[in-house]
Structure formats: C-alpha cells, structure tokens
Amino acid sequence: DHDARKAGAEVVKQVAHPLLSGLLYPGLQALDEEYLGVDAQFGGVDQRKIFMFAEKYLPSLGYKKRAHLMNPMIPGLTGDKMSSSEPDSKIDLIDGPGVVKKKINKAFCEPGNVTNNGLLSFAEYVIFPYLGEKAFEIKRKPEHGGDVSFSNFADLRDAFAKETVYPLDLKMAVTTYINMLLAPIISEFNSKELKKLTSQAYPPEGKAGKGGPVVEREIDLSRVDIRVGKIVEIGPHPDADSLYVEQIDVGEDAPRTVISGLRHFVPEDQLRDALVAVVCNLKPANMRGIKSQGMLLCASDKDHKTVEVLRVPEGSKPGERITGESFSEAPDAQLNPKKKIFEKVQVDLTTDDSLQVMYKGELLRTSAGVITAPTLKSAVIR
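Small disclaimer: the values here were computed from a predicted structure and weren't measured. (Residues numbered from 1 in each chain as written. Predicted model: local features only at pLDDT ≥ 70, side-chain atom pairs only at ≥ 80, totals over all residues. Heavy atoms only, no water.)

S.K.: Got a sec to walk through the nonpolar core? Specific residues and values, please.
M.R.: Judged by nonpolar contacts, the single largest core of 28 residues is most densely connected at Phe-136, Leu-156 and Leu-170. Counting only elements with at least two residues in this core, the list comes to helix H4 (97–106), helix H5 (118–131), strand S3 (136–138), helix H6 (153–161) and helix H7 (167–189). For this core, the leading source of residues is H5, giving 7 residues. Core analysis: the second largest hydrophobic core is formed by 26 residues, Val-228, Ala-299, Leu-310 and Tyr-359 among them. (Core = buried A, V, L, I, M, F, W, Y, C linked by side-chain atoms within 4.5 Å. Buried < 20%, exposed > 50% of the residue type's maximum accessible area, 1.4 Å probe, protein only. Helix = DSSP H or I, 4+ residues; strand = E, 2+ residues; numbered from the N terminus.)

Have a look at this one:
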C-alpha cells in the first residue's frame, strides 16, 4: 500500500481512502513493460516514481529491468497540468490548423506571466528546438511595434516578462510554428492504412452502445475527405459518350479509378497531368460497368451549361487534404450514402467574386494556396 501510493503520488489523485484502481495503477503500468515486450519507457518527469517502482519490483518477479527516459512537463494551455482528458489543454499530433488556432486562442496567457505559461513552454521545448538556428519571428503591424525576432528563448521570455511582447503576439507566432511542425505529420496521416487504424482505435460516433445512443458528429466540411489529385491517365469511357475514365494519384500506393462526366465540357488534353480536387471517401459506385473510387470536384453555373474543373495551386502535393481552417478534424473513413452527408455539405460550397472556393464563408485551401474556379463566380460546386 505504501509503495503503491508513493509511486502514483504525481499521477493518481491522492485521498485518505483511495480506490483500489488508484493503488493498482502503478503496478499495472510497470507490468506493461513486460507484457508489451519493450526495452524502454518514455514519459514526463511526473512518471519518475512509477519508473522507480518498476525498476524495484520487476526484477523481483523475474523480469528484466528496463531503461526509463523522461522529458520536462509542459504546462497545459489552460494554465493547469496538461491532461489527455482535457482536450483544450494540449495539442494533438493530428490537430489541423483550425483546431490548433482555436485551442491557442483560448489558451491562458496572462501579460507578463512567464512562470505558468503553456505557450512559452511550447516555445522553449518544442518550437526553438524545431527552428534550430533560425530565429523565432513575430509578425506585427507597424502601429503595434512592427516585426520582431528572437534567436534564443531567454530573450523571448524576457520580452514577454517586460510586456514588449503581448499575449496576442505570442499566440499568433506559436500557432504559425505549431502548424508548420504538424503539417507533414497530418499529410502522412492521410494514408489509407493510418485512417483505417484510427477508425479501429476510435470508432465513429453515432452507433448506439450499452450506454444508449451517442449524439452523431455534426455534418460539416470536416466529414468530407477532399484531397489533391493528379490525373496521370485519362481516356473516354468505352460505353458512355459523356464520361471520362481517369487514373488519379491521391497519395496512395496506386492511383484511383475515377469516372467523371466532363467529356462535353473539358478537353482531354486540359485534364491530363492536371492537379484536381477529389472527394475520396464516397462509397465506390459502378458507372456503366466501371467502378469509380472518387469524385472530381467542379464549378458549375446554375443551368449546368458551363462546367469547370477546380484549380488547385501549383506546389500542392497529391494526397494533401483540401479543407477550411476551421474544418480540419479527421474526415469519415467512408460517408454513409443513406445520410446524404456530402449532399448536405455541398449546399454551402460555392465561389466568391474573386473565384475562390468557399464553405460557409471560409476559403478552401492547401498548403500552397486557395482553391479557385477558372471563370465562374457564385458557382455551384459539384
């Protein structure tokens, strides 16, 4: 009892009469080392007593002693300890730009406070090591002091303490750098295998379980998996005069076969090798004997007399996700056709007077820029 309480002192809530689960926790975590077959365990410094518990007791059970690695604890964004049970206290590796921006905008960041500031800790332990020899830059308007840069964390901390760097300055800069750091991870995570793994580990909400029905996730653009595609092959459909058969690279092991009804609207040579926007999580559908594994997004006038393929900025990579900043949550593995999710999202997809594609007033973009239509303003996107 004494050793179990001591080992869990920093990670298990301490009460006069602890629950059995709290006493079992340190021992179970120690046994994970053996049953997972690992050589080392990594955690924050708050885990050190559990690590010592494991080093003491595993050898007495005939198990080998493991190595233990620790890193400093970064305060949570809410001002308290970072916790997996508090989503707003932490940044996840697959949080999209909109989610990161929202969390950091809500973060506790008191002017001049350098002792309990999660954003400064992110800068010290994450961003400065990521930047290496590059300076930490804060972009500001001239009337707000102009741009400023810091070659080391100590100078940034001192400037914040003296309030020559303000909370909004720090939030904007940290948001920019965290999104830069996460971008390649999120791009890699768009692979078919990792999406399947995620759906298995975290099943989609909406199915009733023993605890009763679960509220289904809101229907919005984040549910739709729109990706950059490159048309690597194209030809006429053998059994339909209005259809093309395209092979499109969407960042997977092999190109997808996609059928589009564009033969009367767009010449074949304009589509070959073009970067396009492809909906990748529709249920595959047979179209005149050939299964289509996606849908190519286009702009259309209301009479459907003019149809244009959306333009994807040069520099965008096949497989990169296309979405709005506030709609970066992981998409469904496959949209349920009975629920008409894409059809409900499509209603709010359009182009503005600058030909930019928007969803509920927010621009659709890749890391290289905004998605546009060639000529159609206030167009329907389908």
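S.K.: So what's going on with the pairing of strand S5 (residues 226–236)? Which residues, and what values?
M.R.: Two strands pair when backbone bridges link them, and S5 and strand S8 (residues 275–279) are joined in this way by 5 bridges, in the antiparallel orientation. Of the residues in S8, the one forming a bridge with Gly-229 is Val-276. In terms of strand pairing, S5 meets strand S6 (residues 244–249) through 6 bridges, oriented antiparallel. The partner of Gly-235 across the bridge, within S6, is Val-245. (Pairing = 2+ DSSP bridges.)

S.K.: Can you break down a nonpolar patch on the surface residue by residue, with the values?
M.R.: A contiguous nonpolar patch, built from Leu-20, Leu-24 and Leu-28 and spanning about 310 Å² of accessible area, is present on the exposed surface. Relative to the elements of secondary structure, Leu-24 occurs in helix H2 (residues 20–35). (Patch = residues over 30% accessible without salt bridge, like charges linked within 9 Å, V, L, I, M, F, W, Y side chains within 5 Å. Areas by Shrake-Rupley, 256 points an atom, 1.4 Å probe, with all protein chains shown as cover. Salt bridge = Lys/Arg side-chain N within 4 Å of Asp/Glu carboxyl O.)

S.K.: So what's going on with the sheet that holds strand S7 (residues 256–260)? Which residues, and what values?
M.R.: The strand order across the open sheet formed by 5 strands is S7-S6-S5-S8-S11, and the pairing between neighbours is antiparallel. Both outer strands of the open sheet, S7 and strand S11 (295–296), are each paired with one neighbouring strand and no more.

S.K.: Outline the packing of aromatic side chains, listing residues and values.
M.R.: In this description, a pair of aromatic rings is defined by centroid distance and the angle of the planes. The full count for this structure, using the stated rule, is 5 aromatic pairs. Both rings, one in Phe-128 and one in Phe-153, keep their centres 6.1 Å apart while their planes meet at 80 degrees; by these two values the pair is edge-to-face. Here Phe-153 lies in helix H6 and Phe-128 lies in helix H5, a separation of 25 residues in the sequence. Judged by its relative accessible area of 11%, Phe-128 is buried. Owing to a relative accessible area of 11%, Phe-153 belongs among the buried residues under this scheme. (Phe/Tyr/Trp six-rings, centres within 6.5 Å; stacked < 30°, edge-to-face > 60°.)

S.K.: Describe in detail the pattern of salt bridges, supporting the description with residues and values.
M.R.: Side chains that carry opposite charge are capable of pairing whenever their charged atoms lie near each other. Going through the model one piece at a time under the given rule, you end up with 14 salt bridges. In this structure, Lys-64 engages Asp-39 in a salt bridge whose closest nitrogen and oxygen atoms are separated by 3.2 Å. Highlighted residues: Lys-64 in the loop between helix H3 (48–57) and strand S2 (67–71) and Asp-39 in the loop between H2 and strand S1 (40–44), separated in sequence by 25 residues. Here Asp-39 falls in the exposed class, since its relative accessible area comes to 57%. Between Asp-225 and Arg-227 there is a salt bridge; the shortest N-O distance is 3.0 Å. Arg-227 shares its class with Asp-225; the two are buried. Via salt bridges that share partners, Asp-225, Arg-227, Glu-252 and Arg-256 belong to a single interconnected network.

Shape descriptors only; they carry no functional weight alone.
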